[in-house]
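# Secondary and tertiary structure notes
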Amino acid sequence: MRISEAIIAGALLALGCQQAAWAQNAAVERVPLPPLPIPGAALPEPEVESRAAPAPLAPGRGAIAPAPSGPAAHTALPIAPFSSARDALKAWMRDSTAGDQAGAVRALEYAAAQGHLAAQFKLGRVYASGDGVPTNDLKAFEYFSKIADENADEIPGTSDGRIVSAAFVALGGYFLDGIKGTYVKPNPDRAFDMFHYAASYFGDPDGQYNLARLYLNGTGVSRDPRQAARWMKLAAEKGHAPARAVFGDMLLRGGDGVPRHPIMGLMWLALAREGADTAREGWIVERYDAAFANANASDRTAALALVERQHGRTERR
């Protein structure tokens, strides 16, 4: 066996040991974890090992967040020449293409008032980003809250399930920082609930990444680097570039119950570098460059060989 092959074999063996060590607490906490109840909302509690149909929401339970002036209060349909939500969405696409942002938003509001889930989510994104309208984080929060309140038991893996999951992740971000000058105050515990539900019930990689960060920093939950590594690894395996970078960095450093493994760390950083959006995620490139500059030649060679092996596995799927 050549030296490089021996190093790779050792890396794969060490990774197996690492996974075995993390599984020691499986009797207490499995991955993915069942969702914690969100205060003020009745949520489904699926089995850990299966995605069984969740129980229906109990009548009379409170909402995730109050929305006295938000989408829930928009019961009167805007005056517009739309015969249906589908007609409104066609008008939205037409007006967006023509640069008529006011018309596009009016069409979205009509479809959203008709209960169209994608329109509600798109409006939340529009107000969060200020895309053609003044930025209004409270309106965005209220649209995302409406989606989460009314669709928490959506089936994971479906198109609607992905929308609901993304709404939970967005809510987690708002609860983490709060919205200045509004009733939405910073609430790390609620942020944990939102990210945890998206991560565990929906298997959302953004939710898993953000949940891992909470565990890593001890925000809204007791600091637990081992749990952070578990959730970060789940997101990394789904191709989440920031999770791959952070997980790789954790393996490079080791400590706090996380085994040190430079070769696997370099591999994850290399995969993160490949999938990074350099315009928004320059920090991934910086971590990759620093890690490979400081690594010895044999570790670099072994890590890049593992990257190629990962590519081969992906192509065979």
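Residues numbered from 1 in each chain as written. Predicted model: local features only at pLDDT ≥ 70, side-chain atom pairs only at ≥ 80, totals over all residues. Heavy atoms only, no water.

### Notes on the packing of helix 4 (residues 117-129) against helix 6 (residues 159-177)
Our working definition: To obtain each axis, a line is fitted to C-alpha atoms, and for helices this fit is confined to the stretch in contact; angles are then taken between N-to-C directions over 0 to 180 degrees. Secondary structure follows DSSP: runs of H or I at least 4 residues long count as helices, runs of E at least 2 residues long count as strands, and numbering of each begins at the N terminus. By definition in this entry, angles of less than 35 degrees are roughly parallel, angles greater than 145 are roughly antiparallel, angles of 65 to 115 are roughly perpendicular, and the rest are oblique. By the definition used in this description, the sense in which the near helix is turned from the far one sets the handedness, with an anticlockwise turn below a right angle giving left-handed and a clockwise turn giving right-handed. Any two residues having at least one pair of non-hydrogen atoms within 4.5 Å are treated as being in contact. Residue polarity is assigned by list, with Asp, Glu, Lys and Arg as charged and Ala, Val, Leu, Ile, Met, Phe, Trp, Tyr, Cys and Pro as nonpolar; anything else, Gly included, falls into the polar class.
Interaxial distance between helix 4 and helix 6 falls to 10 Å at its minimum, and their mutual angle equals 30 degrees. When the axes of helix 4 and helix 6 are compared, the pair comes out roughly parallel. Here helix 4 and helix 6 pass one another in a crossing that is left-handed. On helix 6, the residues that touch Leu-117, Ala-118, Phe-121 and Ala-128 of helix 4 are Asp-160, Ile-163, Val-164, Ala-166, Ala-167 and Tyr-174. Classifying every residue of the contact of helix 4 with helix 6 gives nine nonpolar, no polar and one charged.

### Let's talk about the packing of helix 10 (residues 241-253) against helix 11 (residues 262-275)
Pairs of packed helices are described in terms of their axes, by the angle between the two and the distance that separates them. Close contact between helix 10 and helix 11 brings their axes to 7 Å; oriented N to C, the two are set at 160 degrees. What the angle tells us is that helix 10 and helix 11 run roughly antiparallel. When you trace helix 10 past helix 11, the crossing you get is left-handed. For the pair formed by helix 10 and helix 11, the contact residues are Ala-241, Arg-244, Ala-245, Phe-247, Gly-248, Asp-249, Leu-251 and Leu-252 on the first element and Pro-262, Met-264, Gly-265, Leu-266, Trp-268, Leu-269, Leu-271, Ala-272 and Gly-275 on the second. In terms of residue class, the contact of helix 10 with helix 11 is built from twelve nonpolar, three polar and two charged.

### Focus: helix 11
Cut-off, in case you're wondering: For a helix, the expected span equals 1.5 Å multiplied by the number of residues minus one. Any residue under 20% of the maximum accessible area for its type is buried, any over 50% is exposed, and the rest in between are partly exposed; the area is computed with a 1.4 Å probe on protein chains only.
The terminal C-alpha atoms of helix 11 lie 20 Å apart, and with 14 residues this matches the ideal 20 Å at 1.5 Å per residue to within 8%. Counting buried positions along helix 11 yields eleven of 14 residues, so the element is predominantly enclosed. Within the span of helix 11, buried status applies to Pro-262, Ile-263, Met-264, Gly-265, Leu-266, Met-267, Trp-268, Leu-269, Ala-270, Leu-271 and Ala-272.

### Comments concerning the nonpolar core
To be explicit about the condition: Nonpolar core, defined: a set of buried Ala, Val, Leu, Ile, Met, Phe, Trp, Tyr and Cys residues in which side-chain atoms within 4.5 Å join the residues together.
Counting 84 residues, the largest nonpolar core has Phe-168 and Trp-268 as the members making the most contacts within it. Examining the composition of this core, we find that nine residues originate from one element, helix 11, more than from any other.

### Digging into helix 6
The end-to-end C-alpha distance of helix 6 is 28 Å, a good match for the 27 Å that 19 residues give at a rise of 1.5 Å each. Regarding helix 6, the residues found buried are Gly-161, Ile-163, Val-164, Ser-165, Ala-167, Phe-168, Val-169, Leu-171, Gly-172, Tyr-174 and Phe-175. Where the residues of helix 6 are buried, they touch helix 4, helix 5 (137-151), helix 7 (188-200) and helix 8 (205-217). Gly-178 sits one or two positions beyond helix 6 and adopts a positive phi of about 75 degrees.

### A short note on the pattern of salt bridges
The criterion, for reference: Salt bridge, as applied in this entry: a Lys or Arg side-chain nitrogen positioned within 4 Å of an Asp or Glu carboxyl oxygen.
For the structure on display, the rule yields six salt bridges. Between Arg-287 and Asp-249 there is a salt bridge, with its nearest N and O atoms 3.7 Å apart. One end of the pair, Arg-287, is in helix 12 (residues 282-294); the other, Asp-249, is in helix 10, with 38 residues separating them in the sequence. One salt-bridge network, held together by shared partners, links Asp-249, Arg-253 and Arg-287.

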